[in-house]
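# Remarks on the overall topology
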Amino acid sequence: KSTVARPLKELKGFKRVMIAPSQTITITLPITGERLAHWDTRKRAFVVEKGNVEVMVGASSTDIKLTKAISVSP
């Protein structure tokens, strides 16, 4: 749990990809600590807190196709 109130969902990156219905491809979209950082409780520094985050992939925030939990350590 974060020490600061955080939104339930935040866009941290996107890539628009067009594929055929039967096609399978691999997409790489780095999610770095810099992208996960937020202001600390005093709003003096950007921090990355240790814990789990859920990475969601889909056409939109309401059309999620894949969800995976990852562990974050600063």
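In this report, the structure presented in the accompanying data block is examined. Worth saying up front: this structure is predicted, and the values here are computed from it rather than measured.

### Things to note about the overall build of the protein
A count of helices and strands for the protein gives 1 helix and 4 strands. Along the chain direction, N to C, the helices and strands of the protein fall in the order α-β-β-β-β. Taking 2.2 N^0.38 as the reference for a compact globule, 74 residues should give roughly 11 Å; the C-alpha atoms of the protein span a radius of gyration of 15 Å, well beyond that estimate. Summarising its shape, the C-alpha atoms of the protein cover approximately 50 × 20 × 20 Å along the three principal directions. Of all 74 residues assigned to the protein, the portion counted as buried reaches 5%. In the protein, 26% of the contacts between residues at least 6 apart in sequence involve partners at least 24 apart. Of the accessible surface of the protein, which amounts to about 6,700 Å², a share of 55% is contributed by carbon and sulfur atoms. Of the charged side chains in the protein, 13 are positive and 6 negative; the average position of the first set lies 1 Å away from that of the second.

### Regarding the pattern of salt bridges
Per the stated rule, a full pass over the model turns up 3 salt bridges. Ionic pairing is found between Glu10 and Arg6, a salt bridge with its closest N-O pair at 2.8 Å. Residue Glu10 is classed as partly exposed on the basis of its relative accessible area of 37%. For Arg6, a relative accessible area of 30% translates into the label partly exposed. Within the structure, one salt-bridge network assembled from shared partners comprises Arg6, Glu10 and Lys12.

### Some remarks on the side chain of His38
Relative to the assigned elements, His38 resides in strand S1 (residues 38-39). Within the structure, the side chain of His38 is placed 3.3 Å from the side chain of Glu49, a separation counted as a polar contact. Once you skip the residues sitting within four places of it in the chain, His38 turns out to touch Ser2, Val4, Arg6, Ala45, Phe46, Val47 and Glu49.

### So, a nonpolar patch on the surface
Together, Val17, Ile19, Ile25, Ile27 and Leu29 give the surface a local cluster of nonpolar side chains, amounting to about 360 Å² of exposed area. Looking at the element boundaries, Ile25 is found in the segment before helix H1 (33-36). Accessibility expressed as a relative area gives 36% for Ile25, which makes it partly exposed.

What counts and how
Residues numbered from 1 in each chain as written. Predicted model: local features only at pLDDT ≥ 70, side-chain atom pairs only at ≥ 80, totals over all residues. Heavy atoms only, no water. Helix = DSSP H or I, 4+ residues; strand = E, 2+ residues; numbered from the N terminus. Rg over C-alpha atoms; globule rule 2.2 N^0.38 Å. Buried < 20%, exposed > 50% of the residue type's maximum accessible area, 1.4 Å probe, protein only. Contact = heavy atoms within 4.5 Å. Areas by Shrake-Rupley, 256 points an atom, 1.4 Å probe, with all protein chains shown as cover. Lys, Arg positive; Asp, Glu negative; His and termini not counted. Charge placed at Lys NZ, Arg CZ, Asp CG, Glu CD. Salt bridge = Lys/Arg side-chain N within 4 Å of Asp/Glu carboxyl O. Polar contact = N/O pair within 3.5 Å; in protein donor to acceptor, adjacent residues only side chain to side chain. Patch = residues over 30% accessible without salt bridge, like charges linked within 9 Å, V, L, I, M, F, W, Y side chains within 5 Å.

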